[in-house]
Amino acid sequence: MAGLRQPAQEELLTPYADRYLRAVESMPGAVAPEFAVAFARALYPRFTNAGQSVLTGTDRLLESDLLAENVVKVLREERTELVLLRAARECDAAYPRH
(Lines give C-alpha, C1' and ligand atoms only; values in the text may rest on other atoms or scores of the structure.)
Protein backbone atom coordinates (compact mmCIF):
# COMPACT_ATOMS: atom_id res chain seq x y z
CA MET A 1 0.00 0.00 0.00
CA ALA A 2 2.79 2.43 0.82
CA GLY A 3 3.98 2.39 -2.79
CA LEU A 4 0.90 4.29 -3.87
CA ARG A 5 1.59 7.31 -1.65
CA GLN A 6 4.62 9.03 -3.14
CA PRO A 7 5.64 12.72 -3.27
CA ALA A 8 5.77 14.38 -6.69
CA GLN A 9 2.90 12.19 -7.94
CA GLU A 10 0.10 14.59 -6.96
CA GLU A 11 -1.55 14.74 -10.35
CA LEU A 12 -1.64 10.96 -10.62
CA LEU A 13 -2.88 10.42 -7.06
CA THR A 14 -5.53 13.16 -6.89
CA PRO A 15 -8.36 11.05 -8.39
CA TYR A 16 -7.85 8.49 -5.61
CA ALA A 17 -8.47 10.95 -2.75
CA ASP A 18 -12.26 10.72 -2.88
CA ARG A 19 -12.13 6.95 -3.40
CA TYR A 20 -10.01 6.63 -0.27
CA LEU A 21 -12.53 8.56 1.83
CA ARG A 22 -15.43 6.46 0.51
CA ALA A 23 -13.49 3.26 1.17
CA VAL A 24 -12.70 4.20 4.77
CA GLU A 25 -16.34 5.11 5.31
CA SER A 26 -17.48 1.71 4.03
CA MET A 27 -15.07 -0.37 6.15
CA PRO A 28 -16.75 -0.54 9.57
CA GLY A 29 -17.99 -4.09 10.00
CA ALA A 30 -16.80 -5.11 6.53
CA VAL A 31 -13.08 -5.69 7.14
CA ALA A 32 -10.84 -6.76 10.00
CA PRO A 33 -9.96 -3.88 12.32
CA GLU A 34 -6.24 -4.40 11.66
CA PHE A 35 -6.79 -3.98 7.93
CA ALA A 36 -8.87 -0.83 8.44
CA VAL A 37 -6.07 0.73 10.48
CA ALA A 38 -3.36 -0.28 7.98
CA PHE A 39 -5.44 0.99 5.05
CA ALA A 40 -6.26 4.28 6.79
CA ARG A 41 -2.60 4.95 7.53
CA ALA A 42 -0.85 3.67 4.41
CA LEU A 43 -3.18 5.14 1.82
CA TYR A 44 -4.17 8.46 3.39
CA PRO A 45 -4.12 10.89 0.44
CA ARG A 46 -1.39 13.19 1.67
CA PHE A 47 0.20 13.76 -1.74
CA THR A 48 -2.59 15.07 -3.97
CA ASN A 49 -3.80 18.33 -5.46
CA ALA A 50 -6.99 17.97 -3.42
CA GLY A 51 -5.64 18.84 0.02
CA GLN A 52 -8.56 20.96 1.18
CA SER A 53 -11.05 18.41 -0.08
CA VAL A 54 -9.18 15.66 1.78
CA LEU A 55 -9.23 17.71 4.99
CA THR A 56 -12.94 18.41 4.61
CA GLY A 57 -13.70 14.75 3.89
CA THR A 58 -11.55 13.65 6.83
CA ASP A 59 -13.39 16.03 9.13
CA ARG A 60 -16.72 14.65 7.89
CA LEU A 61 -15.57 11.10 8.68
CA LEU A 62 -14.29 12.11 12.12
CA GLU A 63 -17.62 13.73 12.95
CA SER A 64 -19.67 10.78 11.71
CA ASP A 65 -19.12 8.39 14.64
CA LEU A 66 -19.00 5.52 12.12
CA LEU A 67 -15.39 4.54 12.63
CA ALA A 68 -13.63 2.51 15.30
CA GLU A 69 -11.55 4.55 17.73
CA ASN A 70 -8.25 3.14 16.38
CA VAL A 71 -9.17 4.29 12.85
CA VAL A 72 -10.23 7.69 14.18
CA LYS A 73 -6.81 8.02 15.85
CA VAL A 74 -5.04 7.24 12.59
CA LEU A 75 -7.18 9.72 10.65
CA ARG A 76 -6.45 12.45 13.19
CA GLU A 77 -2.72 11.77 12.94
CA GLU A 78 -2.74 11.68 9.15
CA ARG A 79 -4.87 14.83 8.97
CA THR A 80 -2.33 16.63 11.17
CA GLU A 81 0.51 15.46 8.92
CA LEU A 82 -1.35 16.80 5.88
CA VAL A 83 -1.89 20.19 7.55
CA LEU A 84 1.83 20.38 8.38
CA LEU A 85 2.82 19.31 4.86
CA ARG A 86 0.59 21.97 3.30
CA ALA A 87 2.02 24.65 5.61
CA ALA A 88 5.58 23.64 4.75
CA ARG A 89 4.83 23.77 1.03
CA GLU A 90 3.26 27.22 1.39
CA CYS A 91 6.34 28.39 3.26
CA ASP A 92 8.62 26.98 0.57
CA ALA A 93 6.57 28.66 -2.15
CA ALA A 94 6.75 32.01 -0.34
CA TYR A 95 10.54 31.91 -0.22
CA PRO A 96 11.78 30.53 -3.54
CA ARG A 97 15.38 29.44 -3.81
CA HIS A 98 17.81 31.61 -5.67
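Definitions and limits used
Residues numbered from 1 in each chain as written. Predicted model: local features only at pLDDT ≥ 70, side-chain atom pairs only at ≥ 80, totals over all residues. Heavy atoms only, no water. 1 Å grid on protein atoms, 1.4 Å probe; cavity = no way out; pocket = protein on both sides within 12 Å on 5 of 7 lines; lining within 4 Å. Points joined across faces, edges and corners; volume = space filled by probe spheres on them. Helix = DSSP H or I, 4+ residues; strand = E, 2+ residues; numbered from the N terminus. Axes fitted to C-alpha atoms, helices over the stretch in contact; angles between N-to-C directions. Parallel < 35°, antiparallel > 145°, perpendicular 65-115°, else oblique. Contact = heavy atoms within 4.5 Å. Nonpolar A, V, L, I, M, F, W, Y, C, P; charged D, E, K, R; others polar. Phe/Tyr/Trp six-rings, centres within 6.5 Å; stacked < 30°, edge-to-face > 60°.

Some thoughts on the layout of surface pockets
Piece 1. Counted as a void, the largest pocket has a volume near 190 Å³.
Piece 2. Together, 14 residues line the largest pocket, and Leu4, Tyr16, Tyr20, Leu43 and Pro45 are the ones closest to its centre.
Piece 3. Looking at the lining of the largest pocket element by element, the count peaks at four residues for helix H2 (residues 16–26).

Some points on the packing of helix H3 (residues 33–42) against helix H5 (residues 69–94)
Piece 1. At a minimum axis distance of 9 Å, the contact between H3 and H5 shows a crossing angle of 5°. Between H3 and H5, the interaxial angle falls into the category roughly parallel. In contact with Pro33, Ala36, Val37, Ala40 and Arg41 of H3, H5 contributes Asn70, Val71, Val74, Glu77 and Glu78.
Piece 2. Broken down by class, the residue content of the contact of H3 with H5 amounts to six nonpolar, one polar and three charged.

Side note on the packing of aromatic side chains
Piece 1. Per the stated rule, a full pass over the model turns up three aromatic pairs.
Piece 2. Centre to centre, the rings of Phe35 and Phe39 are 5.9 Å apart; their planes meet at 40°, and the pair counts as tilted. Of this pair, Phe35 and Phe39 both sit in helix H3, four residues apart, which is roughly one turn of that helix.

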